[in-house]
Structures are given as C-alpha cells and as structure tokens.
Amino acid sequence: MIKRQPQTLWPTMAMRSPMTRSLVALLAFSLLTAACGDRRAESDKKKVKKVFSEQPKIDYGSIKVAPPPKPAEAPKPLANTWAAKMRVVTSEISADLLKCRNEFMLPFQFQKMRRRDVTWTSLSEMDAICRDGTRKKRGPYKRLVWLSKEHIGQHPALDRYIALGMDMQEHYRVVSLMAKKIGAPKIALITDTAKLSRDRVLKAGLEMEAAGRIVAAWPDDLKPVDDPSRIAKPVDVDTYKKELADRYDFFLMDIVSAYDRYASKSWQYPNMIKYKSYRLWVDIPTKALQQDRTRIEKVTGLTDKTKAQLQDYLAKTDALLAAWRASSERYVKGKKKDTWNEKDLFRKPLIKAQKAWLKARNKALGSKR
C-alpha cells in the first residue's frame, strides 16, 4: 500500500469559512492601497513644493492702504431767523425758475407753434415747473404771492427779487396761454405775443438771479430794514442817501417801461394786463416811502440845504407814485373794455412826473453812474 503524507486540516477548514475569506481579501486590498497611497503622497508633495516655489515673495512693507474716508459732516440746522428763512425760500424759487428757463423757455419752438404744433413739449409739465407746482410741492407762483403779501419793504434786494419774480410769472402765463390757443385764428399774432413774453421772462430771470445772489449771502442775524430797532437808530447822511438810491432807483428809473409792460400795451387781445405786477411795482416804493419819511428825522450831519433837497426828493417820489396810481382807474378798478379809449391819457403825466423826480433825485443824491 502507498502511504499518504499526513495533512493538516486547519487551512482547509479555515478557507471554508466565508468570514475568513473576507478578512483575507480586505487585508490584501489594504496592503495594495497603502503602497499606492505612499507613492501618490510623495508625488503630491513634489507638486505642492513646485507650485509654491514659483510664487513671488510679497513685501508687505510696500503695501500702502488708503486711510478711511472722513465721516460726512452733519448739515448745520437752519437758524430760526428771518434772514435764514428768506434764503431758503428764494433759493427754492430760483431753482424752479432756472429749470423753467433752461428746459422750456430757451428751447421753445415758435416756428412749430406758428404751424399750430406744440406736440414737441409737455404743456402740463411746463406749467407744473414754471408756475403751478404739484400736490406735494408748492409752485413758484404761490410762493411769490406769499412773499409779496408778507415781506415787501423789508430789504431792497428782496423787494427786487419779489417784483421780478412776479413779472416773470405773469409773462410766463401769457406764453402758456398762447401755446394753448394754437387752434385760434390769427396764429401769427398769438405766436408773436408769446415770443415777446418769453423774451421778458428770460430778461427778468437774469435780473432776478442777481438779486437772489445778494439774498443768498445774507448772514443769519441780518434784520429787515423795517425792524423797529433799525428805524429808531440814527443814520449819517451819506448812508441815508445810499439807502434811498438802493430802494427807489430800480423801480422809478424803469417806471414808464414797467407801465408799458403791465398795462398800456398789454390790455388788448391776445395780450393781457399783468395786474399783480402792476400793483406791486407801486406798492413796494410806497411802503418804503412811509418808512423813509420818518427816518429823515434820525439822519445826522444834515444841513438845511441838504435836508430841503431830501424832502423835495421824497415829495417828488410821492408825486410819481400818485401818477402811477391814477392810471390804475383805467385798468384795475373794474372799467369795461368797451369804455376804454385807444388814446392813453395817463402815460404822458407819468413821463412828466418821472422827469421831475429824476431832477430832484440828482440834486439830493447825485447823478447816477
């Protein structure tokens, strides 16, 4: 008989167990992955070293950081004074009227209007900016009416600003109404009337800006000239003369032209009388005259001759204003159109009164340069 070699039974028995086979497979796989992982780690380290070695060194000392911006200063609160309030009101009015002139009056297309075409502009937007305002913002017209009722006679620059602003508003109204009459007959006459009024709006606007710059430069503590504390103070004769010139020259030197603008040449169709400007042009110097007649007793350095000249000047000022008021019976006090005469009976007396005033002015205040 052939003898067989003895065999151990444990490997065979062990390999027969499923759990054992799984453990052996897992162990073999771990050994393989560990070897691969070591090779990958070494190659990755080489790559990382290579990448970082190419980056330039940063010199942090050469980096300059801009300082943080300074915090914006809080706006100064508005002073609760008359001068500060007038500055705000006039600046808001001026902003609206400047926009009106730049966006609507300067580019107004009169040639298209003559061809009965106003589709190139928005009349409602034009009225809102130039005159009426909106529900949320009062327009320049209402603000100027308020100033004309509450603040005339308080400073010569403000008086000029108010008068010129009202002048602009009433001439603008003519432009606006003429633009809405494009379906009416005599379109050439309507267009020419609108253009004349537009030109006056632009001219008055420039003069108004000059007066507005004076108001914008007022200090907060400036008091109005009709303040009782100012009226009661004595004033030297030279200062008094300068103040008289500042208050009356603007209105009375131009009084005949103003009469033509507001009344004598504007009462016939399609133009119209500028009632508010017509009244205001005489109301402002009338109020100033009431103050200056009482102040003459406070003037120092007067001689008898100088005092007589100043009193004559004030009297001639009153006579000129009276000639203006006499003409208002024709235009303001309810006269009907069919009772008006084509011949103007008031312009010549106004010119005569202005010549007498100018003669007295040159004697009392000196010739105007």
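Rules behind the numbers
- Positions within a chain are numbered from 1, following the residues in the order the chain's sequence is written.
- Under the rules for a predicted model, residues below a pLDDT of 70 receive no local features and side-chain atom pairs below 80 are neither given nor counted, while totals for whole chains, interfaces and linings still include all residues.
- Side-chain numbers here rest on the full set of heavy atoms in the structure, without hydrogens or water.
- Under the DSSP-based scheme used, a helix requires at least four consecutive residues in state H or I and a strand at least two consecutive residues in state E, with every element numbered from the N terminus.
- In this scheme, a residue with accessible area under 20% of its type's maximum is buried, one over 50% is exposed, and one in between is partly exposed, where area comes from a 1.4 Å probe on protein chains only.
- Whenever a nitrogen or oxygen atom comes within 3.5 Å of another N or O atom, the pair is scored as a polar contact, on the condition that within protein one atom can donate a hydrogen and the other can accept it, and that pairs from neighbouring residues in sequence are kept only if both atoms are in side chains.
- We call two residues in contact when some of their heavy atoms are within 4.5 Å.
- Per-residue confidence from the predictor is given as pLDDT, running between 0 and 100.
- Cysteine sulfurs are considered disulfide-paired once they come within 2.5 Å of each other.
- Each axis is a line fitted through C-alpha atoms, and for a helix only the stretch in contact is used; angles between axes span 0 to 180 degrees, taken between their N-to-C directions.
- Just so you know how the angles are binned, under 35 degrees is roughly parallel, over 145 roughly antiparallel, 65 to 115 roughly perpendicular, and the rest oblique.
- Note on convention: near helix rotated counterclockwise from far helix by under a right angle means a left-handed crossing. Clockwise means right-handed.
- In the scheme used here, Gly and all other residues not listed as nonpolar or charged are polar, with Ala, Val, Leu, Ile, Met, Phe, Trp, Tyr, Cys and Pro taken as nonpolar and Asp, Glu, Lys and Arg as charged.
- Within 6.5 Å between ring centres, the rings of Phe, Tyr and Trp (the latter by its six-membered ring) count as paired, and their orientation is classed by plane angle as stacked under 30 degrees, edge-to-face over 60, tilted in between.
- Counting as a charge over the ring demands two things of the Lys NZ or Arg CZ atom: a distance within 6 Å of the ring centre and an angle within 35 degrees of the ring normal.

1. Structural notes on the side chain of Ser327
Residue placement: Ser327 occurs in helix 13 (residues 304-331). Classification of Ser327 as buried rests on a relative accessible area of 1%. Within the structure, Ser327 has its side chain in polar contact with the side chain of Tyr278 (distance 2.5 Å). Leaving out residues up to four positions away in the same chain, Ser327 has contacts with Tyr259, Tyr278 and Phe346.

2. Section: helix 11 (residues 255-264)
Summarising burial for helix 11: nine of the 10 residues are buried, a large majority. For helix 11, the set of buried residues is Ile255, Val256, Ala258, Tyr259, Asp260, Arg261, Tyr262, Ala263 and Ser264. Tucked inside the fold, the buried residues of helix 11 contact helix 7 (156-179), helix 8 (187-216), helix 10 (237-252), helix 12 (275-295), helix 13 and helix 14 (347-365).

3. A word on the confidence of the model for the protein
Of the residues in the protein, 80% reach a pLDDT of 70 or more, and the chain-wide mean stands at 85. No element of the protein has a lower mean pLDDT than helix 1 (residues 10-15), which averages 50, and none a higher one than helix 7, which averages 97.

4. What about the state of the cysteines?
On inspection of all chains with the given rule, the structure shows one disulfide. Cys100 shares a disulfide with Cys130; S-S distance 2.0 Å. Handedness of the Cys100-Cys130 disulfide follows from its S-S torsion of about 100°: it is right-handed. Placement of the pair is Cys100 in helix 3 (residues 82-105) and Cys130 in helix 5 (residues 123-132), with a sequence separation of 30 residues. What makes Cys100 buried here is its relative accessible area of 2%.

5. Re the packing of helix 7 against helix 8
Axis separation between helix 7 and helix 8 bottoms out at 8 Å; the angle between their running directions is 160°. The orientation of helix 7 with respect to helix 8, classified from their angle, is roughly antiparallel. Note that helix 7 runs across helix 8; the crossing there is left-handed. Residues that form the contact of helix 7 with helix 8 fall into these classes: 17 nonpolar, six polar and five charged.

6. Concerning the packing of aromatic side chains
Following the criterion strictly, the structure yields 12 aromatic pairs and no others. Where Tyr313 meets Trp357, the ring centres are 6.2 Å apart and the plane angle is 40°; that geometry is what we call tilted. Taken together, the positions of Tyr313 in helix 13 and Trp357 in helix 14 put the pair 44 residues apart, joining distant regions of the chain. One aromatic cluster is present, formed by Phe250, Phe251, Tyr262 and Trp281 through successive ring pairs. Taking the ring centre of Tyr141 as reference, the NZ or CZ of Arg131 above it sits at 3.9 Å. Positioned above the aromatic ring of Trp281 is the side chain of Arg261, whose terminal nitrogen or guanidinium carbon lies 5.5 Å from the ring centre.

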